[in-house]
Amino acid sequence: MTEYSELAELADRILATGGEDDVTELVSVLDTLDEGVRNELLVSDFLNAYQVFWYFFRYEPEILAAERLMLSSASSLPPRGVLVEERDIYEIWFRVVDALPEMRVTDGGEEVLVTFRGGKGAYRDAAEWVDNN
C-alpha cells in the first residue's frame, strides 16, 4: 500500500500536467502507472468519480450524470457508489469493486435488480437493460 503522502504527490504531479482539465490526458498517464498504485488512486480522495468513470468507460455521460460524478470523490465509489442516472423507476449506480467498474441498476430504492461488471460496455449495458425493461 502506497503512503498517503506519496499518493498525494503523485496525484498532484498528474493533475498539474493537465490531467485535471483533460480527462484523456489523465487516462493516458494512469495507464502508465503500476497497477497497484493506479488502483489506489482510482478510489482515493485525489480524483473525482467523473475521472474514474472516464478512465474505465472512455465515455462522456449525459450532462447531469457528469455533474453528479464530478461532485463526488472517487473514494465514494466503494462500496455504495455514485448515482449516475435516474430513468423512470430505475436508478443506475457506478461503483468500483476489487479494482473493477460495476454498474448497478436498482428499483429506485435499495434493491439491486441487475449488475454489470467490468469492461467498457458495462454502462451501456446497464442503460440498455433499463430501456428494455
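This text follows the structure it describes.
Now for a look at the structure at hand. Every chain is numbered independently, its residues counted from 1 as its sequence is written. Reporting of local features is limited, given that this is a predicted model, to residues whose pLDDT is at least 70; pairs of side-chain atoms are given and counted only at 80 or more, and all residues count toward the totals for whole chains, interfaces and linings. To obtain the side-chain values, all non-hydrogen atoms of the structure were used and water was disregarded.

## Focus: the overall build of the protein chain
Basically, it comes down to this: Under the scheme used here, helices are H or I runs from DSSP no shorter than 4 residues and strands are E runs no shorter than 2 residues, and both carry numbers assigned from the N terminus. Both definitions apply: the radius of gyration is a C-alpha atom measure, and the globule rule equals 2.2 Å times residues to the power 0.38. By definition, residues are in contact when any of their heavy atoms lie within 4.5 Å.
Of the regular secondary structure elements, the protein chain holds six helices and four strands. Going from the N terminus to the C terminus, the protein chain shows its helices and strands as α-α-α-α-α-β-β-β-β-α. Expected size for 133 residues packed as a compact globule is a radius of gyration near 14 Å; at 15 Å, the protein chain falls within 12% of this value. Oriented by its inertia axes, the alpha-carbon framework of the protein chain measures out at about 45 × 25 × 25 Å. Long-range contacts, defined here as pairs at least 24 residues apart, represent 42% of the contacts in the protein chain between residues at least 6 apart.

## Thoughts on the pairing of strand β1 (residues 82-87)
Inclusion rule: In this analysis, strands are considered paired if DSSP registers two or more bridges between them.
Across five bridges, the pairing between β1 and strand β2 (residues 90-97) is antiparallel. Note on β2: the bridge partner recorded for Glu86 is Glu91. Between the end of β1 and the start of β2, which pair antiparallel, lie two residues, with Asp88 showing a positive phi angle near 50°.

## Some details on the packing of aromatic side chains
Under the convention used in this document: Within 6.5 Å between ring centres, the rings of Phe, Tyr and Trp (the latter by its six-membered ring) count as paired, and their orientation is classed by plane angle as stacked under 30 degrees, edge-to-face over 60, tilted in between. In this scheme, a residue with accessible area under 20% of its type's maximum is buried, one over 50% is exposed, and one in between is partly exposed, where area comes from a 1.4 Å probe on protein chains only.
For the structure shown, the criterion picks out nine aromatic pairs. Ring geometry for Phe57 versus Phe94: centroids 5.6 Å apart, planes at 65°, classification edge-to-face. Separated by 37 residues along the polypeptide, Phe57 in helix α4 (residues 49-57) and Phe94 in strand β2 bring together distant segments of the chain. Overall, the relative accessible area of 4% leaves Phe57 in the buried class. Where Tyr90 meets Trp129, the ring centres are 5.6 Å apart and the plane angle is 75°; that geometry is what we call edge-to-face. Here the residue Tyr90 occupies a position in strand β2, and Trp129 occupies one in helix α6 (residues 122-132), the gap between them amounting to 39 residues. Its relative accessible area of 12% is what places Tyr90 among the buried residues.

## Some words on the sheet that holds β2
Cut-off, in case you're wondering: The axes are straight lines fitted to the C-alpha atoms, using for helices just the contacting stretch, and the angles between their N-to-C directions are given from 0 to 180°.
Strand order in the open sheet formed by four strands is β1-β2-β3-β4, and the pairing between neighbours is antiparallel. Edge positions in the open sheet fall to β1 and β4 (112-117), since each of these has one partner strand only. Within the sheet, the average angular offset between the axes of one strand and its neighbour, ignoring direction, is 25°. Packing of helix α5 (residues 63-70) onto the sheet brings it into contact with β1 and β2, and relative to β1 it is tilted by some 160°.

## Let's talk about the packing of α4 against α5
It is at 6 Å that the axes of α4 and α5 come closest, and there the two elements cross at 120°. Across the interface between the two elements, Ala49, Tyr50 and Phe53 from α4 touch Ala66, Leu69 and Met70 from α5.

## Some details on the pattern of salt bridges
Just so we agree on the cut-off: Any carboxyl oxygen of Asp or Glu within 4 Å of a side-chain nitrogen of Lys or Arg constitutes a salt bridge here.
Scanning all chains against the criterion turns up nine salt bridges. In this structure, Asp31 and Arg58 form a salt bridge, with 3.4 Å as the shortest nitrogen-oxygen distance. Taken together, the residues span a long stretch of sequence, with Asp31 in helix α2 (residues 23-32) and Arg58 in the loop between α4 and α5 at a distance of 27 residues. Look at Asp31 and you get partly exposed, because its relative accessible area is 39%. When the shortest N-O distance is used, the salt bridge between Arg87 and Glu85 registers 2.3 Å. Using a relative accessible area of 10% as the deciding quantity, one classes Glu85 as buried.

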